2 protein chains.
Amino acid sequence: MDPLNALTVFREYLTKFIVFDDAEWAIFKEHLGFRMLKKKKHFAEQGSVCNEFGFVVKGSVRYYYIKDGEEITNYFSFEKELVSSYKSFLTRQPGFNYIQALEDTFLITVSYHDLQAMLAHPLLAYKMERFGRLVAEYYLICYDDRMASFITKTPEERYLDLLTTGRDILQRMPQHYIAHFLGITPVSLSRIRRRILSVAK
Amino acid sequence: MDPLNALTVFREYLTKFIVFDDAEWAIFKEHLGFRMLKKKKHFAEQGSVCNEFGFVVKGSVRYYYIKDGEEITNYFSFEKELVSSYKSFLTRQPGFNYIQALEDTFLITVSYHDLQAMLAHPLLAYKMERFGRLVAEYYLICYDDRMASFITKTPEERYLDLLTTGRDILQRMPQHYIAHFLGITPVSLSRIRRRILSVAK
DNA sequence: CCAAAACGTTAACAAAAGATAAGGAATTGG
DNA sequence: CCAATTCCTTATCTTTTGTTAACGTTTTGG
């Protein structure tokens, strides 16, 4: 993956939240890192403080917890999405979840230290605060939608929703990860699929 | 409720996120509203754009959806907490949930229009962006914790957690609201309680 | 290329949750 | 103050999910 091209992709993505002029971008750029994460390697680990957030240029990751010795997948990120163990990153406390590359994954990263430097930089501070606000609001809304689906819908309904909106997840993730993402066991998801198929035909 | 005292409480609460000096506060204050919400009256309604966020000075509210004609309670806010139908407020689209006062509730409010004015005000813009970022990050973390509990825990475990951390909710909310908040039916919560009692003794 | 691991389905049984209804206690609203 | 409503529990029955295990298929990694 060509870093120059990756930067272009990232800058384009950021316009969703904020537009940096060339002078600002020149400074911003200097605070970025690049990271190649081999398949199955971790971006964040339980018990460790997450020191960076990332932007997926190519590849994908899953978020998971370990409960009773078992991995429970919680979330996924794909190309052109941000990645971080947000709580740990923001609070500087050890995190509870792992983030793992599911294929060779190329990331642009910003360390906590560099983010603070940009937030304190006279020429960037205002836009960085705004950027942070808009990103946090964006993810807040995502969480709100997801919480609502857990409160008001059955696992089967959540799976049906996913069928219409979860192209990447459905096509690129193994089913047992999807099951935990929906809040159920892999066996249960397999049964739901059969139920749906038998109704459909 | 005395508005002057309420403003003092609100200013103190805000220091959790940001400290306004007297000049800034003088401007900020002018953008606030006060609202008395009688028991059972709504702060936000399904299908309407939520035009304000609030700060609960006294009282409490619940958030709920209507699904298949039934009310499903999703969340609560008590004294010294913010209230809004966030997604609707932020996106200016009709919201999906109701917010209802559970007792006579006194709120300090900020309209979307006033918030935008403050975000655009030269003397406030920077701190308001920062304030917005920190608030959104705070709630992001709350959502993250709650999602994690739905993915990794059983309803019984979530109720046990609530017993240690949910004083306000347990003492001030009827049990059938708490049940939906935990993602289960009231009948099921009643059974869980019995199960716990029979184990405890 | 092959052995090992991972994956999805199915079955059988147990545990839990949903739906419905009934009864009694507590609350409420004129 | 009293009738009506709301609330919680309990019981019964149905549906769904969890658990464990087995089996065949696919994928993986040396």
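Residues numbered from 1 in each chain as written. Chains lettered and ligands numbered in written order. Predicted model: local features only at pLDDT ≥ 70, side-chain atom pairs only at ≥ 80, totals over all residues. Heavy atoms only, no water.

The interface of chain A with chain B comprises 35 residues on the first partner and 35 residues on the second. Summed over both partners, the interface of chain A with chain B comes to about 3,500 Å²; 69% of that surface belongs to carbon and sulfur atoms. Along the contact surface separating chain A from chain B lie eight salt bridges. E129 of chain A is paired through a salt bridge with R133 of chain B; the nearest N and O atoms lie 2.6 Å apart. For the side of chain A that touches chain B, the secondary-structure elements that each account for two or more residues are β4 (61-67), β5 (70-77), α3 (86-91), α5 (125-152) and α8 (175-181) of chain A. For the side of chain A that touches chain B, the element with the highest residue contribution is α5 of chain A, accounting for 20 residues. (Contact = heavy atoms within 4.5 Å. Buried area = accessible area lost by both parts, 1.4 Å probe. Salt bridge = Lys/Arg side-chain N within 4 Å of Asp/Glu carboxyl O. Helix = DSSP H or I, 4+ residues; strand = E, 2+ residues; numbered from the N terminus.)

For the rest of this paragraph, the subject is the protein's contact with DNA strand C. Neighbouring DNA strand C are 18 residues, the closest being Q175 and H176 of chain A together with P155, T185 and R191 of chain B. Backbone atoms, meaning sugar plus phosphate, form 67% of the atoms of DNA strand C positioned within 4 Å of the protein. For DNA strand C, a base nitrogen lies 3.4 Å from a polar atom in the side chain of R191 of chain A. When residues of the surface near DNA strand C are traced back to their parent elements, those giving at least two are α8 and α9 (186-200) of chain A together with α9 (186-200) of chain B. Split into classes, the residues belonging to the surface near DNA strand C amount to six nonpolar, five polar and seven charged. (Near = heavy atom within 4 Å. Polar contact = N/O pair within 3.5 Å; in protein donor to acceptor, adjacent residues only side chain to side chain. Nonpolar A, V, L, I, M, F, W, Y, C, P; charged D, E, K, R; others polar.)

Let us now look at unusual backbone geometry. Despite not being glycine, D68 of chain A has its phi angle at roughly 50°, a positive value. Even without glycine at this site, K40 of chain B takes up a positive phi of about 75°. By secondary structure assignment, the location of K40 of chain B is in the loop between β1 (32-37) and β2 (42-44). For K40 of chain B, a relative accessible area of 59% corresponds to the exposed category. (Buried < 20%, exposed > 50% of the residue type's maximum accessible area, 1.4 Å probe, protein only.)

What the four strands build is an open sheet, ordered β2-β7-β4-β5 (chain B); its pairing is antiparallel. The open sheet is flanked by β2 and β5 (70-77) of chain B, the only strands paired with a single partner. Within the sheet, the average angular offset between the axes of one strand and its neighbour, ignoring direction, is 35°. Pairing geometry for strand β4 (residues 61-67) of chain B and β5 of chain B, over seven bridges, is antiparallel. Opposite Y64 of chain B, over in β5 of chain B, you have T73 of chain B as the bridge partner. Sheet strands touched by α5 of chain A: β4 and β5 of chain B. Its angle to β5 of chain B, the strand with the most contacts, is close to 135°. (Pairing = 2+ DSSP bridges. Axes fitted to C-alpha atoms, helices over the stretch in contact; angles between N-to-C directions.)

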